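# Inside the fold
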Amino acid sequence: HTDPAFLAEWRRTQEKDRKAFSSYGVQENSLIYYTNFNDLSQMIMRRWEIFTDVFGRKRNAKGEIDKRMTAVTRVRNPLAHSRIVPENELIRAENCCKEILNQFASA
């Protein structure tokens, strides 16, 4: 049930890797390895009903998870490309990651 645009992009990237590394005999990665955090966040928000057992059914659960994932996404790209991110934003994103992981662990 994944968005066709996501699948197409992941397959393009997977194909680039296949061409670049075919001579090494490396096992092909699953498409999930070509997703990024923002893709996963969007998929969760679009198909929220699938994730209510993990993230909760409270009235504001979806909004809270969306805020946490947005905080992580906001620092992810700058950090991945060696740009400076304010310390308070890094701490906030780290705490949001911990909260999300704790919800998975307790589900």
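Refer to the structure above for everything that follows.
The paragraphs below set out a description of the structure included in this document. Predicted model, so just to flag it, every value in this text is computed and none were measured.

The rules we used
- Residues numbered from 1 in each chain as written.
- Predicted model: local features only at pLDDT ≥ 70, side-chain atom pairs only at ≥ 80, totals over all residues.
- Heavy atoms only, no water.
- Helix = DSSP H or I, 4+ residues; strand = E, 2+ residues; numbered from the N terminus.
- Expected span 1.5 Å × (residues − 1).
- Buried < 20%, exposed > 50% of the residue type's maximum accessible area, 1.4 Å probe, protein only.
- Arc of directions from axis to C-beta.
- Contact = heavy atoms within 4.5 Å.
- Polar contact = N/O pair within 3.5 Å; in protein donor to acceptor, adjacent residues only side chain to side chain.

## Considerations on helix 5 (residues 87-106)
Side chains of residues three or four places apart in an α-helix project in the same direction, reflecting 3.6 residues per turn. With 20 residues, helix 5 should reach 28 Å at 1.5 Å per residue; the first-to-last C-alpha distance of 29 Å fits that figure. Those residues of helix 5 that fall on the buried side of the exposure criterion are Ala93, Cys96, Ile100 and Gln103. In an axial view of helix 5, the angular spread of the buried residues amounts to 80°, which keeps them on one side of the axis. Opposite the buried face of helix 5, at more than 90 degrees from it, the exposed residues are Glu87, Asn88, Leu101, Asn102, Ala105 and Ser106. Buried-residue contacts for helix 5 involve helix 2 (37-46), helix 3 (48-55) and helix 4 (61-80).

## Points about unusual backbone geometry
Backbone geometry at serine 82 places phi at a positive 60°, although glycine is not the residue there. As for its placement among the helices and strands, serine 82 is situated in the loop between helix 4 and helix 5. Of the residues examined, serine 82 reaches a relative accessible area of 71% and is grouped as exposed.

## Structural notes on the side chain of threonine 35
Turning to its location among the elements, threonine 35 is positioned in the loop between helix 1 (4-21) and helix 2. In this structure threonine 35 comes out as buried when scored by relative accessible area, which is 17%. At 2.8 Å, the side chain of threonine 35 and the backbone oxygen of isoleucine 32 are in polar contact. Apart from the residues within four sequence positions on either side, threonine 35 is in contact with Trp10 and Leu40.

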